[in-house]
Amino acid sequence: MSDLNRGIMKFEGADSPKVVTISTVLVLGSIVALILWALQSAYALS
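Just so it is clear, the model here is predicted, and its values are computed rather than measured. (Residues numbered from 1 in each chain as written. Predicted model: local features only at pLDDT ≥ 70, side-chain atom pairs only at ≥ 80, totals over all residues. Heavy atoms only, no water.)

A.B. asks: How should I be thinking about the overall build of the protein chain in this particular structure?
C.D. replies: Of regular secondary structure, the protein chain possesses one helix and zero strands. Looking at the protein chain residue by residue over its 46 residues, the buried ones come to 4%. When the accessible surface of the protein chain is totalled, it reaches about 4100 Å², and 71% of it is carbon and sulfur. (Helix = DSSP H or I, 4+ residues; strand = E, 2+ residues; numbered from the N terminus. Buried < 20%, exposed > 50% of the residue type's maximum accessible area, 1.4 Å probe, protein only. Areas by Shrake-Rupley, 256 points an atom, 1.4 Å probe, with all protein chains shown as cover.)

A.B. asks: What is the right way to look at the UniProt feature "transmembrane region" (unreviewed entry) in the protein chain in this model?
C.D. replies: Those places that UniProt annotates as "transmembrane region" (unreviewed entry) correspond, in this numbering, to residues 20-39. The straight-line gap between the two end C-alpha atoms of residues 20-39 is 29 Å; of that span, 100% is helix and 0% is strand. (UniProt positions renumbered as here; feature names shortened; annotations may be inferred.)

A.B. asks: Can you help me understand a nonpolar patch on the surface in this one?
C.D. replies: A cluster of nonpolar side chains, contributed by V27, L28, I31, V32, I35, L36, L39 and Y43, occupies part of the molecular surface with about 780 Å² of accessible area. With respect to the secondary-structure elements, V27 resides in helix α1 (residues 17-43). Residue classification places V27 among the partly exposed residues on the basis of a relative accessible area of 48%. (Patch = residues over 30% accessible without salt bridge, like charges linked within 9 Å, V, L, I, M, F, W, Y side chains within 5 Å. Salt bridge = Lys/Arg side-chain N within 4 Å of Asp/Glu carboxyl O.)

A.B. asks: Explanation requested: α1 in the structure shown.
C.D. replies: Every α-helix carries 3.6 residues per turn, so stepping three or four residues along brings you back to the same face. In a regular helix each residue adds 1.5 Å, so 27 residues correspond to 39 Å; α1 covers 38 Å between its end C-alpha atoms and thus fits that length. Following α1 by one or two positions, A44 has its phi on the positive side, about 50°. (Expected span 1.5 Å × (residues − 1).)

Written out as structure tokens, the structure is:
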């Protein structure tokens, strides 16, 4: 059992490269979307 299977994600395969990649894309995509939304709201970019 790897260390990643001991925390919140206690299911088998929680640290597989596929799951890590999908999670990374979702997190980074959400951050970029929030930054773009904040810039658009603050500066009224069109």
